[in-house]
Amino acid sequence: MAGLIRTLRTLIGRGKDEPFIPTFIDEPGKGYRGPTPAKAVANAPAVVDPTVQVHAPVDGTVLALTQVPDPTIAETYFGAGLAVDAESGLIVAPVAGKLHLPFPTLHAFTITTETGIDVLVHIGVDTVHLPQGTFIAEVQDGDDVVVGQPIIRFDFERVCAQVQSLATCVLIQHISDHDVEVRTNAGSLGVFAGDDLFSLEVR
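Residues numbered from 1 in each chain as written. Predicted model: local features only at pLDDT ≥ 70, side-chain atom pairs only at ≥ 80, totals over all residues. Heavy atoms only, no water.

1. A closer look at the sheet that holds strand S11 (residues 118–122)
In spatial order, the strands read S13-S9-S10-S11-S15-S7-S6-S17; together these eight strands make up an open sheet with antiparallel pairing. Edge strands, defined here as strands with exactly one partner in the open sheet, are strand S13 (144–145) and strand S17 (190–191). Judged from the five bridges that link them, strand S10 (residues 108–112) and S11 form a sheet pairing that is antiparallel. When the sheet's bridge partners are listed, Phe109 is paired in S11 with Val121. (Pairing = 2+ DSSP bridges. Helix = DSSP H or I, 4+ residues; strand = E, 2+ residues; numbered from the N terminus.)

Laid out in structure tokens, this is it:
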């Protein structure tokens with residue numbers, strides 16, 4: 001079953017000559033917890049985290065897919081997820097993983113996470129018809145990217161005047177292959193690029 005793999009670094013006893021490596025835990029408010037022997041880091045058990053967090057790709061207002069004026073998106077033909085009605089011309093990575101730029105227009109891209117989940121980001125409605133050069137890539141096809149890393153830039157005012165909507169969709173593709181449930185929080189919620197958008201519950 002697909003899932004996120006997190007290394008838990010635990011405190012255990014150390015031998016006389018074992019070096020210490022300072023480590024942190026990613027629990028809010030806990031911070032530094034002291035030195036951990038090198039052997040503990042190497043032998044730490046791996047556990048499955050059933051939740052995958054997806055982040056906003058752009059500043060704007062959160063929309064349900066049914067609010068996007070594109071029937072193929074609204075009917076989840078390309079996948080389940082949410083949209084953000086863009087208010088800036090900078091699109092960032094909503095998840096970490098391997099970047100794919102399959103279209104010469106750069107109006108959409110996918111990121112494959114380390115657990116094999118494909119996340120599609122589609123910028124606006126009918127942007128596929130805009131000329132090449134409208135969207136500028138900040139990275140290259142095949143790059144490994146992190147959450148919040150700039151991926152695409154464009155002239156917001158110019159593109160906004162050319163298309164019906166700049167609703168930027170974040171879609172989880174091939175949901176059935178991963179047996180996941182998308183938990184969304186759509187509404188009139190304003191977000192900044194990199195904010196939490198929705199999560200996947202891997203069953």
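2. Comments concerning the environment of Val95
In this structure, Val95 sits in the loop between strand S8 (90–92) and strand S9 (97–100). A C-alpha to C-alpha distance of 9.1 Å links Val95 and Gly194, two positions 99 residues apart in sequence. Excluding its chain neighbours within four sequence positions, the residues that come into contact with Val95 are Gln53, Val54, Ile111, Thr113, Val119, Val145, Val146 and Val147. (Contact = heavy atoms within 4.5 Å.)

3. Some remarks on unusual backbone geometry
Backbone geometry places Leu106, a non-glycine residue, at a positive phi of 65 degrees. Summarising the element assignment, Leu106 is placed in the loop between S9 and S10. With a phi close to 65 degrees, Asp126 is a non-glycine residue in the positive phi region. Residue classification places Asp126 among the partly exposed residues on the basis of a relative accessible area of 43%. (Buried < 20%, exposed > 50% of the residue type's maximum accessible area, 1.4 Å probe, protein only.)

4. Looking at the sheet that holds strand S12 (residues 136–137)
The strand order S8-S14-S12 describes an open sheet built from three strands, whose pairing is antiparallel. Strands at the two margins of the open sheet, each flanked by one partner only, are S8 and S12. Relative to strand S14 (residues 150–153), S8 runs antiparallel, the two sharing three bridges. By the bridge assignment, Val92 is partnered in S14 with Pro150.

5. Structural notes on the packing of aromatic side chains
A complete count under the given rule lists one aromatic pair for this structure. With a centroid separation of 5.3 Å and 75 degrees between ring planes, the pair formed by Phe135 and Phe154 is classed as edge-to-face. Of this pair, Phe135 sits in the loop between S11 and S12 while Phe154 sits in the loop between S14 and helix H3 (156–160); the two residues are 19 residues apart in sequence, bridging distant segments of the chain. In terms of burial, Phe135 and Phe154 fall into one category: buried. (Phe/Tyr/Trp six-rings, centres within 6.5 Å; stacked < 30°, edge-to-face > 60°.)

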